[in-house]
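# Descriptive structure summary
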Amino acid sequence: MPKNPYPTISKGDDGNWHAWVPVGTKPNGEAERRHVKRTTKAAVIERVDEILDQVRSGAVVRSGPGMTVSQWLDLYLDTVLPSSGRCDPDTVRDYRSKIEHWVLPVIGKMRVDRVQTENAEIIYLAMRRAGRADSTVLKVHRILSRAFEIALRRSLVPRNVFKLMDSPTFDAPDQTPLTQEEAQRFLDEADRRGRNSARWKIALALGLRQGEALGLRKQFLDLEAANMKVWWQLRRRSFDHGCGGACGRRRGGNCPQRTMQLRPGEEVVLDLSKPESADRRLGLVFKRPKGKSKREIPLPDELVDALRQHLRAQAIEEILADSLWQDHDLVFCEPDGSPIDPSKDYAEWQDILKAAGVPASKLHNARHTAATIMILLGVPAEVVQEILGHSDLRTTRGYMHVASEMAKNATQRMGRVLLTKATAP
């Protein structure tokens, strides 16, 4: 098949240079061409070459006026992400907040196929000057990179400009795990308080995430086999306005017609103390962990004993609550059986830390502590990965600082092996 000749470039009566570039065939069978108009012949040749490169690579942008960045990101956040089922509704809400605040004011009105790397650099520079964290800048970059990758697959852009540039730098902040002595002091204080102390033993011994611990149900706990199935987690889920904002209330949770987006397989947690005719949704959902986070963990004998004692105490609470008991099958719950709110759980973590004389830290640091102590005890990283439910071993290694005891032991051994003879007379 003969190659198509290079498009003819000619100067028009309007004083501009013109070319019509064949790019394919329309649905009706007619040839489709792109019109290029520039003030100089050199500029036309440059643009014609770009389009021909797109034709050869199969990345020709659709014809027509083209979407703006704002239009495409609205479609991406409202339809593409939710339909994929890969993103939690609250994650999409977070993405939208960042896009509306930092991206749309800069490039929202631009055609999506005309965005350049320098446009992204302007966005990131503005974020840094406003004092936003490096992690936030990197998150915006990843959101845009993914959105433009989908746009590329749909022939809305000729290339993903966000993959043509280096990702914004981000140095993960150092995490300081609790020492073994601090962890023991924390657990002693939790034991002194009595109720739900096993919840904190699970956090520090097995590294369960907050949602995994609060969402643990009795049907997935086999104390005879000393086994725990981490198959569900309890997460807070925001409400949306069901009225489109007409009610005038700022928060969707206060809207008389409030709605809640659910993904397949998620279960709404209800306030069973309210009548069935009422809106009993608590703003909490049971959801399955993703990837390797769904796992089975063998339990140490000491934790089995602690959980048995905990469940005996809970059985007494159920008797005392009588008809007020809400049966959600939860291992850790309020005295009436209702779920523990994640914010209350976090406040208790901080309160116990303070009472135990341990420096304040994020609740997720309990997970970091578990991983670090396991490594100190000589547990292989691959086993720690399995217990914590990481899909990537690199994530596991990110939790494991080289403990000073291990480093000291390693250097002492190297000194004895290599340096003793070297310095001997």
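In what follows, the accompanying structure is described. Given the structure is predicted, the values throughout are model-derived calculations rather than measurements.

### Observations regarding the nonpolar core
Of all hydrophobic cores here, the largest spans 38 residues; its most connected members are Ile202, Leu208, Met228, Leu299, Leu307 and Phe332. Top element by residues in this core is helix 9 (residues 301-321). It accounts for five residues. The contacts of Ile202, once residues within four sequence positions are left out, are Gly207, Leu208, Leu216, Met228, Leu303, Leu307 and Phe332. Core analysis: the next-biggest nonpolar cluster, separate from the first, contains 33 residues, Trp72, Leu77, Ile123 and Val140 among them.

### Brief notes about the sheet that holds strand 9 (residues 295-298)
The sheet built from three strands is open, its strands ordered 4-5-9 with antiparallel pairing. The open sheet has two edge strands, strand 4 (221-222) and strand 9, and neither has a second partner. Here two bridges tie strand 4 to strand 5 (residues 227-230), and the two strands are oriented antiparallel to one another. What sits directly across from Leu221, in strand 5, is Met228.

### Considering the environment of Cys255
With respect to the element layout, Cys255 can be found in the loop between strand 6 (233-236) and strand 7 (267-270). Residues Cys255 and Cys243, spaced twelve residues apart in sequence, show a C-alpha to C-alpha distance of 7.5 Å. When neighbours within four sequence positions are excluded, Cys255 is seen to be in contact with His241, Gly242, Cys243, Cys247 and Arg249.

### Some thoughts on helix 9
Residues spaced three or four apart along an α-helix face the same direction, because each turn holds 3.6 residues. For helix 9, with 21 residues, the first-to-last C-alpha span of 30 Å sits near the 30 Å given by 1.5 Å per residue. Turning to helix 9, its buried residues number three or more, namely Leu303, Val304, Ala306, Leu307, His310, Gln314, Glu317 and Ala321. Buried residues of helix 9, viewed axially, fall in a sector of 155 degrees; they line one side. Those residues of helix 9 that are exposed and angled more than 90 degrees off the buried face are Asp301, Gln309, Arg312, Ile316, Ile319 and Leu320. As for helix 9, its buried residues are in contact with helix 7 (197-206) and strand 4. Once helix 9 ends, the next one or two residues include Asp322, with phi positive near 55 degrees.

### Things to note about helix 10 (residues 342-355)
In a regular helix each residue adds 1.5 Å, so 14 residues correspond to 20 Å; helix 10 covers 20 Å between its end C-alpha atoms and thus fits that length. Looking only at helix 10, the buried set comprises Pro342, Asp345, Trp349, Gln350, Ile352 and Leu353. Down the axis of helix 10, the buried side of the element spans an arc of 165 degrees, and every buried residue falls inside it. Across helix 10 from its buried face, at more than 90 degrees, point the exposed residues Ser343 and Lys354. Buried residues along helix 10 sit against helix 6 (180-193), helix 7, helix 8 (210-214), strand 8 (281-287) and helix 11 (365-376). In the stretch just after helix 10, Gly357 is the one whose phi turns positive, near 75 degrees.

### Let's talk about the sheet that holds strand 6
Taken in spatial order, the three strands line up as 6-8-7 in an open sheet, and their pairing is antiparallel. Every other strand in the sheet has two partners, leaving strand 6 and strand 7 as the edge strands with one partner each. Strand-to-strand twist in this sheet, taken as the mean axis angle between neighbours without regard to direction, amounts to 40 degrees.

### Some points on the pairing of strand 5
Every other side chain in a regular strand lies on the same face of the sheet, so the side chains alternate between the two faces. Taking the residues between adjacent antiparallel strands as the criterion, strand 4 and strand 5 are bridged by four residues, where Ala226 takes a positive phi near 50 degrees. Pairing of strand 5 with strand 9, which is carried by four bridges, proceeds in the antiparallel orientation. Looking at the pairing, Lys229 lines up with Glu296 of strand 9.

### A short note on the packing of helix 7 against helix 9
Interaxial distance between helix 7 and helix 9 falls to 10 Å at its minimum, and their mutual angle equals 160 degrees. Regarding the angle of helix 7 to helix 9, the classification is roughly antiparallel. The crossing of helix 7 and helix 9 is left-handed. Judged by residue contacts, Ala198, Lys201, Ile202 and Leu206 of helix 7 engage Leu303, Ala306, Leu307 and His310 from helix 9. Of the residues assigned to the contact of helix 7 with helix 9, the class counts are six nonpolar, one polar and one charged.

### Details of the state of the cysteines
By definition, a disulfide is the covalent link that joins the sulfur atoms of two cysteine residues. This model, assessed by the stated rule, comprises zero disulfides. Cys255 provides the cysteine sulfur closest to Cys243, a residue in no disulfide bond, and the two sulfurs are 3.5 Å apart.

### Comments concerning unusual backbone geometry
Phi is positive for Asn196, which is not a glycine, with a value near 60 degrees. Locating Asn196 in the fold gives a position in the loop between helix 6 and helix 7. If you check the backbone angles, Asp322 has positive phi at about 55 degrees while not being a glycine. Secondary-structure assignment places Asp322 in the loop between helix 9 and helix 10. We classify Asp322 as exposed; its relative accessible area is 58%.

What counts as what
Residues numbered from 1 in each chain as written. Predicted model: local features only at pLDDT ≥ 70, side-chain atom pairs only at ≥ 80, totals over all residues. Heavy atoms only, no water. Core = buried A, V, L, I, M, F, W, Y, C linked by side-chain atoms within 4.5 Å. Buried < 20%, exposed > 50% of the residue type's maximum accessible area, 1.4 Å probe, protein only. Helix = DSSP H or I, 4+ residues; strand = E, 2+ residues; numbered from the N terminus. Contact = heavy atoms within 4.5 Å. Pairing = 2+ DSSP bridges. Expected span 1.5 Å × (residues − 1). Arc of directions from axis to C-beta. Axes fitted to C-alpha atoms, helices over the stretch in contact; angles between N-to-C directions. Parallel < 35°, antiparallel > 145°, perpendicular 65-115°, else oblique. Left-handed = near helix turned anticlockwise from the far one by under 90°. Nonpolar A, V, L, I, M, F, W, Y, C, P; charged D, E, K, R; others polar. Disulfide = S-S within 2.5 Å.

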